[in-house]
Amino acid sequence: MTVALRPFRDEDADAVAEACGDPAIAHYLPFLPQPYTRDDALAFFRQKPGDPAIVDAATDRVLGAIGSTPRGTGTVEVGYWVAPWARRQGVASAALEQFSAGLFAQGLQRLYLVTALTNGASQRVAVAGGYVREGVARAASQAADGSWQDMVVWARTAGDPPGPSARALPDLPGGVLTDGVVALRPIGEEDGPSTYQMRSRPDVSGRSVVGTPMDPAVVTRQCAESVSKWLAGQRAEMTIRDADGGTYLGEIALFYFEPLLREAMIGYSLTPEARGKGCASRAARLVTAWGFEIGMARMTAGTAPDNVASQRVLEAAGYHREGLQRSRLPGPDGTRIDNIQFAKLRPAAT
């Protein structure tokens with residue numbers, strides 16, 4: 001779909017009212033009146049006449065809106081929304097690229113936008129538009145439930161190169177890694193209940209470096225924020241599922257702690273029903289191979305000395321024991337636990 005930007009017209013008011021009544025828009029733009037009416041749309045047209053409509057270039061149908069607010073000399077904050085009938089078609093990315101180019105042509109030097117940590121779709125738009133992640137502004141926006149949420153800050157400057165911003169961790173090829181037995185997919189908000197149920201088990205939380213919050217809503221939010229960490233190049237978190245039926249078997253993640261050294265670490269957990277069937281080794285092999293494909297030179301993992309099952313998983317996945325790191329891991333009640341370090345090197349080119 002080819003998009004165009006043009007001023008709003010009064011005849012667009014019904015479409016805007018319908019779009020702004022969508023729960024997703026209302027969730028991320030809680031300042032909008034609800035229910036959102038035609039009169040509200042007309043008032044918006046009058047208040048911000050410089051903010052254009054995003055329309056289908058072929059039919060002139062309204063697809064969304066984009067605009068800017070001055071934030072100092074040479075700087076504006078950009079915002080956008082897309083109607084439910086136009087999502088997942090590249091509409092916002094195309095509009096952001098056009099709008100940004102127009103702002104730079106006016107002499108502006110810095111454009112920035114903010115996205116909720118849980119709004120993965122909007123963060124992908126920012127990346128596609130060449131905006132670079134600068135950090136997280138804590139408690140920067142009030143959510144629909146009245147709580148204050150952290151926001152990711154993205155910016156593009158007049159001197160930045162064209163095209164999407166660089167990513168250290170690309171998306172999975174086709175959105176999935178599979179060997180026909182297990183399938184790995186990016187973890188999301190919908191995986192929160194299953195993930196909480198698994199992580200809260202003592203035999204899982206007792207092996208976790210971070211631990212599991214005793215609140216399923218917190219774990220669900222962590223799952224929803226996973227896409228933000230992935231786009232930031234920090235970690236790629238995935239569910240492990242049965243390739244045929246899609247049954248939840250556990251989770252696995254690639255942690256990119258050492259980008260300068262091109263070294264990443266993997267970690268995993270399984271539900272009791274999935275253990276002893278080779279699922280973790282299969283998942284580890286898939287993630288490790290993907291890590292090498294995207295440029296990792298060395299993949300590592302670690303286990304407590306008494307976690308023999310996990311050591312066998314890594315050995316089956318082709319990892320080699322390198323040694324014992326004393327007091328490497330946090331233990332219960334402020335203690336420290338030794339860690340057995342495993343590693344696998346990228347195969348030499350043939």
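See the structure shown above.
The following refers to the structure shown. As the structure is a computational prediction, the values presented were derived from the model and not from experiment. (Residues numbered from 1 in each chain as written. Predicted model: local features only at pLDDT ≥ 70, side-chain atom pairs only at ≥ 80, totals over all residues. Heavy atoms only, no water.)

We now examine the sheet that holds strand β3 (residues 62-70). Read from one edge to the other, the open sheet built from seven strands follows the order β1-β2-β3-β4-β5-β7-β6, with strand pairing classed as mixed. The outermost strands of the open sheet, each flanked by one partner alone, are β1 (3-6) and β6 (132-142). Taken pair by pair, the neighbouring strands of this sheet meet at an average axis angle of 30 degrees, ignoring direction. As judged from the seven bridges shared by β3 and strand β4 (residues 75-82), these two strands associate in the antiparallel manner. Across the sheet, Gly64 pairs through a bridge with Val82, a residue of β4. (Pairing = 2+ DSSP bridges. Helix = DSSP H or I, 4+ residues; strand = E, 2+ residues; numbered from the N terminus. Axes fitted to C-alpha atoms, helices over the stretch in contact; angles between N-to-C directions.)

For the structure on display, the rule yields five aromatic pairs. Here the aromatic rings of Phe8 and Phe44 are separated by 5.8 Å at their centres, their planes lie at 75 degrees, and the arrangement is edge-to-face. Here Phe8 is found in the loop between β1 and α1 (13-20), whereas its partner Phe44 is found in helix α3 (residues 38-47), with 36 residues between them in sequence. Each member of the pair, Phe8 as well as Phe44, carries the same accessibility label: buried. By way of ring pairs, the aromatic residues Phe8, Phe44 and Phe45 are connected into one cluster. (Phe/Tyr/Trp six-rings, centres within 6.5 Å; stacked < 30°, edge-to-face > 60°. Buried < 20%, exposed > 50% of the residue type's maximum accessible area, 1.4 Å probe, protein only.)

Another aspect to go through is the pattern of salt bridges. Inspection of every chain in the model, using the stated rule, returns 20 salt bridges. A salt bridge links Asp203 to Arg201, with the shortest nitrogen-to-oxygen separation between them at 3.1 Å. With a relative accessible area of 33%, Arg201 lands in the partly exposed category. We note a salt bridge from Arg298 to Glu322, for which the minimum N-O separation is 2.7 Å. (Salt bridge = Lys/Arg side-chain N within 4 Å of Asp/Glu carboxyl O.)

Another point: the sheet that holds strand β15 (residues 336-345). Strand order in the open sheet formed by eight strands is β8-β9-β10-β11-β12-β13-β15-β14, and the pairing between neighbours is mixed. On the outer flanks of this sheet lie β8 (177-178) and β14 (320-330), each paired with one strand and no other. Where strand β9 (residues 182-186) and strand β10 (residues 235-242) come together, five bridges link them in antiparallel fashion. Counterpart to Pro186 in the pairing with β10 is Met238. Taken strand by strand, helix α6 (residues 192-199) contacts β11 (248-258) and β12 (263-270), and its axis lies near 85 degrees from that of β11. (Contact = heavy atoms within 4.5 Å.)

What follows covers the nonpolar core. In this structure, Leu184, Met238 and Leu254 are the most contacted members of the largest nonpolar core, which totals 34 residues. When residues of this core are traced back to their parent elements, those giving at least two are β9, β10, β11, β12, α10 (279-293), β13 (298-303), α11 (308-316) and β15. The greatest single-element share of this core, amounting to eight residues, is contributed by α10. Apart from the residues lying within four places of it in its own chain, the contact partners of Leu254 are Leu169, Gln234, Arg235, Ala236, Ala264, Met265, Val287, Trp290, Gly291, Met296 and Met299. Counting residues in hydrophobic clusters, the runner-up holds 28 residues, among them Ile66, Tyr80, Ala95 and Trp154. (Core = buried A, V, L, I, M, F, W, Y, C linked by side-chain atoms within 4.5 Å.)

This paragraph deals with the side chain of Ser68. Along the chain, Ser68 turns up in strand β3. Setting aside chain neighbours within four positions, we find Ser68 in contact with Lys48, Asp51, Val76, Glu77, Val78, Phe99 and Leu103.

Moving on: α6. Among all positions of α6, only Gly192, Thr195, Tyr196, Met198 and Arg199 are buried. Each buried residue of α6 lies within a common arc of 165 degrees when the element is viewed along its axis, so the set occupies one face. Turned more than 90 degrees off the buried face of α6, the exposed positions are Pro193 and Gln197. Summarising the contacts, the buried residues of α6 are in contact with α7 (202-205), α8 (216-224), β11 and β12. (Arc of directions from axis to C-beta.)

An α-helical turn contains 3.6 residues, so any two residues separated by three or four positions project in the same direction. Looking only at α3, the buried set comprises Ala41, Leu42, Phe44 and Phe45. Looking down the long axis of α3, one finds its buried residues gathered within 155 degrees of arc, a one-sided arrangement. Exposed side of α3, more than 90 degrees from the buried face: Asp39, Arg46 and Gln47 are the residues found there. Where α3 is buried, its residues touch α1.

Regular strands place their side chains on alternate faces of the sheet. Inspection of the sheet shows β13 paired to β15 by six bridges, in the antiparallel sense. In the strand pairing of β15, Met299 is matched with Lys344. Looking at chain direction, β14 and β15 are connected through seven bridges and run antiparallel. Each bridged residue has a counterpart across the sheet, and for Gln325 the counterpart in β15 is Asn339. Between β14 and the antiparallel strand that follows it, β15, lie five residues; Asp333 among them carries a positive phi value of about 55 degrees.

Keep in mind that these numbers describe shape and distance, not what the molecule does.
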